[in-house]
Amino acid sequence: MAAMTRSQAQMRTREKWEARALELAEARHLAGTARLLEQGFLRGLYGVPSRTAGGEYVVIEERLHGRVTCSCPAGMRHFPCSHAGAH
Ligand SMILES: [Zn+2]
């Protein structure tokens, strides 16, 4: 029971996180700019252009738990970022 409640809470947190990332991507006109770098069985790698640093950040989508991580400073601290929302 407690475990179920916890997983539901995590689900809500993930949905919020993804909604925020999408919002940021749209605000920065990054939605749809991700390009697929590598399509693996367990994860997908995407390159998303960085507006501030130049070059691009790498967004990793872990298919197993649907987790998305990004190599930018915010992403590395597990904050939603526009790059994660762009893929
Ligand atoms: Zn990022």
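Preceding this paragraph is the structure being described.
Structural notes, computed from the coordinates. Computed from a prediction, not measured in an experiment: that's the story for all the values here.

Describing the pairing of strand β2 (residues 43-49)
Bridge count for strand β1 (residues 35-39) against β2 is four bridges, and the pairing is antiparallel. When the sheet's bridge partners are listed, Glu38 is paired in β2 with Leu45. Counted along the chain from β1 to the antiparallel partner β2, the turn is three residues long. Pairing between β2 and strand β3 (residues 56-62): seven bridges, direction antiparallel. Bridge assignment links Gly44 to a residue of β3, and that residue is Glu61. Hairpin connection, β2 to β3: the antiparallel pair is bridged by six residues, and Gly54 has positive phi, about 75 degrees.

Focus on the nonpolar core
Core analysis: the largest hydrophobic core is formed by 15 residues, its most contacted members being Val48, Val59, Cys70, Cys81 and Ala84. Taken together, the elements giving at least two residues each to this core come down to α1 (2-27), β2, β3, β4 (67-70) and α3 (82-86). Leave out the neighbours within four places in its chain, and Ala84 touches Ala21, Val59, Val68, Cys70 and Gly75.

What to know about unusual backbone geometry
Residues other than glycine seldom take positive phi values, yet His29 does so here, at roughly 55 degrees. Checked against the element boundaries, His29 lands in the loop between α1 and β1. For His78, which is not glycine, the phi torsion reads 65 degrees and is therefore positive. Its place among the elements puts His78 in the loop between α2 (73-76) and α3. Residue His78 is classed as exposed on the basis of its C-beta count, with 11 C-beta atoms lying within 10 Å.

Rules used in this analysis
The numbering scheme is per chain: residues are counted from 1 as the chain's sequence reads. Whole-chain, interface and lining totals are the exception, using all residues; otherwise, since this is a predicted model, local features are given only for residues with pLDDT of at least 70 and side-chain atom pairs are given and counted only at 80 or more. A pair of strands is labelled paired if DSSP reports no fewer than 2 bridges between them. Only DSSP runs of H or I with at least four residues qualify as helices, and only runs of E with at least two residues qualify as strands; both kinds are numbered from the N terminus onward. By convention the nonpolar core is taken to be a set of buried residues drawn from Ala, Val, Leu, Ile, Met, Phe, Trp, Tyr and Cys and joined through C-beta atoms within 7 Å. In this scheme every C-beta is placed from the backbone, and a residue whose C-beta has 20 or more other C-beta atoms within 10 Å is buried, one with 12 or fewer is exposed, and one in between is partly exposed. Note that contacts rest on C-beta atoms placed from the backbone: two residues are in contact if these are within 7 Å.

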